[in-house]
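Each chain is listed here by its residues.
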Amino acid sequence: MAEAAARKTMSEFWEEHSRTATVEEMMLDSSAEVITQMEKPEILSMLPALDWKEVLELGAGIGFDLIFSNWLFMYLTDVELVDVARRLLSWLRPGGYLFFRESCFYQSGNVKRNFNPTVYRMPADYNHILMSTVDGSEREGDTVWGFEIVMSKSVQTYIKLKKNQNQVCWLLQKIVRDRSANQGYDTFQQFLDNKQYSRSSILRYEKIFGHGFVSSGGLLTTKEFVEMLSLAPGQSVLDIGCGIGGSDFYMAKNYGVEVLGVDLSSNMVEIAMERAVTENTSLVQFEIGDATKRVFGENSFDVIYSRDTILHIADKEELLSKFYAWLKPGGKLLITDYCCGDVPWSPHFQEYVRQRGYILHTVPKYRKLLQDVGFVSVRAEDRTQQFMDILRVELQRVERNQAEFLQEFSEEDYHYIVDGWKEKMCRSERGDQRWGLFYAEKAAEPGTRSVSGVGPLIESRAAGESRPVD
């Protein structure tokens, strides 16, 4: 009965707002014509390659390699959306894509409405409903299919024209669900969000590292490493593993660059998008995305920046090759990452790496990977001593401020931090765990000159950011 009443209300709403069949009426915005001209190429650029593919556009036509939906799910109840999501998943071919865009949080259009039954969900609500959708049953021996997030981001056109972060789009892919490959979770993203980067864990780490940061050291080595890049106003930066956005806001505010922050953890990006509202800058945007599946055009970015994230990636050479293609000629790459010492490792470290699902290389092997994919001016430095100095400072600070910490977090949280930091120091002192800093450039085109702005890497001891906090 409730679902029927909701459908009747929604039908009445669109009867009222479809009498003249104009684009302004469809979008419920008096600026619809301008918005459409700007956002159409932006929206289409997010879709996968469509040559010789079958497309189903919901609400606008017939086509199932891709299903496209624009402003539909927000007119469905949760029960209806769950049912529709199951149907869409079953209609897609294996490896097929679902693209959809919705208004989140609150309305974006400026047209007056006598009543408004639209469901303005949080992005997290869509993530939960869509990622919980499955096709098949393990108990019946079927192959189980589900959605995996390839990309989710705010529409930049609305940010630029209306300072509105609430227009959010998703690109999902139909994949086989394999719990054995993701530490017992349906997807690697769910492993990150439920195990390593739950929302409560993120806020706990931010308490230690400072506003906007969830990794060791916070702002200080962000300043140190960003200074190496000689950023200039108008440049474009891609941040892979952006966390909750502290580095991105810093680069935009202090250097006038445009930054796209990408992180596979939906918890990280949701917090970053919340912070973006208060930061009030149109230079930074965030997306939930898998860097191994994301597609950007060649020569798209002046700088690619990644802090302690690539340790999760098995095929590092393939990802570094993508970085090389995405950079403009003369573009710069800066990476910090967890590394390892030479084998054999201690049994304790082997178990630690296995539990975390990390894929670690030595600093020299990392350097060779960068050179093999074509980067020039490659510099690699073992910064483990700096990392250990950071850990000591952080440990002393949290122990000194124990009472303040316990006002917001539990005794268990406190001991998790203290014990974890001591274990990281022991692993580093044994030589098993290392921390590497890497800088490289894409060769400039003939007839041009690449200005590095980076002298020999010095043994700095400033505190810094480090993503994997365990």
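Since the structure is predicted, the reported quantities are computational estimates derived from the model, not experimental observations. (Residues numbered from 1 in each chain as written. Predicted model: local features only at pLDDT ≥ 70, side-chain atom pairs only at ≥ 80, totals over all residues. Heavy atoms only, no water.)

1. Describing the packing of aromatic side chains
- What the rule picks out here adds up to 23 aromatic pairs.
- The interplanar angle of 70° and the centroid separation of 6.3 Å between the aromatic rings of tyrosine 250 and tyrosine 255 together place this pair among those described as edge-to-face.
- What makes tyrosine 250 buried here is its relative accessible area of 14%.
- Owing to a relative accessible area of 21%, tyrosine 255 belongs among the partly exposed residues under this scheme.
- A network of ring pairs unites the aromatic residues Phe225, Tyr338, Trp345, Phe349, Tyr352, Tyr358, Phe387 and Trp435 as a single cluster. (Phe/Tyr/Trp six-rings, centres within 6.5 Å; stacked < 30°, edge-to-face > 60°. Buried < 20%, exposed > 50% of the residue type's maximum accessible area, 1.4 Å probe, protein only.)

2. Overview of the pairing of strand E2 (residues 66-70)
- Among the five residues in E2, four count as buried, and that is most of the element.
- Here E2 runs beside strand E3 (residues 97-103); their pairing, made up of five bridges, is parallel. Bridging across to E3, asparagine 70 finds its partner in arginine 101.
- The handedness of the E2 to E3 crossover, carried by helix H4 (residues 78-91), is right-handed. (Helix = DSSP H or I, 4+ residues; strand = E, 2+ residues; numbered from the N terminus. Pairing = 2+ DSSP bridges. Right-handed = clockwise from strand over helix to strand, strands pointing away.)

3. Details of the nonpolar core
- Of all hydrophobic cores here, the largest spans 100 residues; its most connected members are Leu98, Phe99, Met251 and Phe286.
- At six residues, helix H11 (residues 266-279) tops the list of elements feeding residues into this core.
- Not counting the four nearest positions on each side in its chain, methionine 251 is found in contact with Val226, Leu231, Val237, Gly256, Val257, Val259 and Tyr305.
- Leu319, Leu320, Trp326 and Val378 belong to the second-largest nonpolar core, a separate cluster that totals 28 residues. (Core = buried A, V, L, I, M, F, W, Y, C linked by side-chain atoms within 4.5 Å. Contact = heavy atoms within 4.5 Å.)

4. Overview of a nonpolar patch on the surface
- On the surface, a cluster of nonpolar side chains totalling about 240 Å² of accessible area is made up of Val34, Met38 and Leu161.
- Inspection of the secondary structure puts leucine 161 in helix H6 (residues 156-162).
- The class for leucine 161 is partly exposed, based on a relative accessible area of 40%. (Patch = residues over 30% accessible without salt bridge, like charges linked within 9 Å, V, L, I, M, F, W, Y side chains within 5 Å. Areas by Shrake-Rupley, 256 points an atom, 1.4 Å probe, with all protein chains shown as cover. Salt bridge = Lys/Arg side-chain N within 4 Å of Asp/Glu carboxyl O.)

5. Re the environment of arginine 383
- Turning to its location among the elements, arginine 383 is positioned in the loop between strand E12 (376-382) and helix H15 (384-400).
- Through-space distance from the C-alpha of arginine 383 to that of aspartate 337 is 9.9 Å; in sequence the pair is 46 residues apart.

6. Some thoughts on the packing of helix H8 (residues 199-209) against H11
- Running from N to C, H8 and H11 point in directions that differ by 60°, and their axes come no closer than 9 Å. One finds that H8 runs oblique with respect to H11. Note that H8 runs across H11; the crossing there is right-handed. Where H8 abuts H11, its residues Arg199, Ile202, Leu203 and Glu206 lie against Asn267, Met268, Ile271, Glu274 and Arg275. (Axes fitted to C-alpha atoms, helices over the stretch in contact; angles between N-to-C directions. Parallel < 35°, antiparallel > 145°, perpendicular 65-115°, else oblique. Left-handed = near helix turned anticlockwise from the far one by under 90°.)

7. Topic: the pairing of strand E5 (residues 145-154)
- Taken across its 10 residues, E5 has 10 buried, putting it largely inside the fold.
- Note that E5 and strand E6 (residues 167-176) share nine bridges and pair antiparallel. Residue pairing across strands places isoleucine 149 opposite leucine 172, the latter belonging to E6.
- Bridge count for E5 against strand E9 (residues 284-289) is three bridges, and the pairing is antiparallel. Bridging across to E9, serine 152 finds its partner in isoleucine 288.

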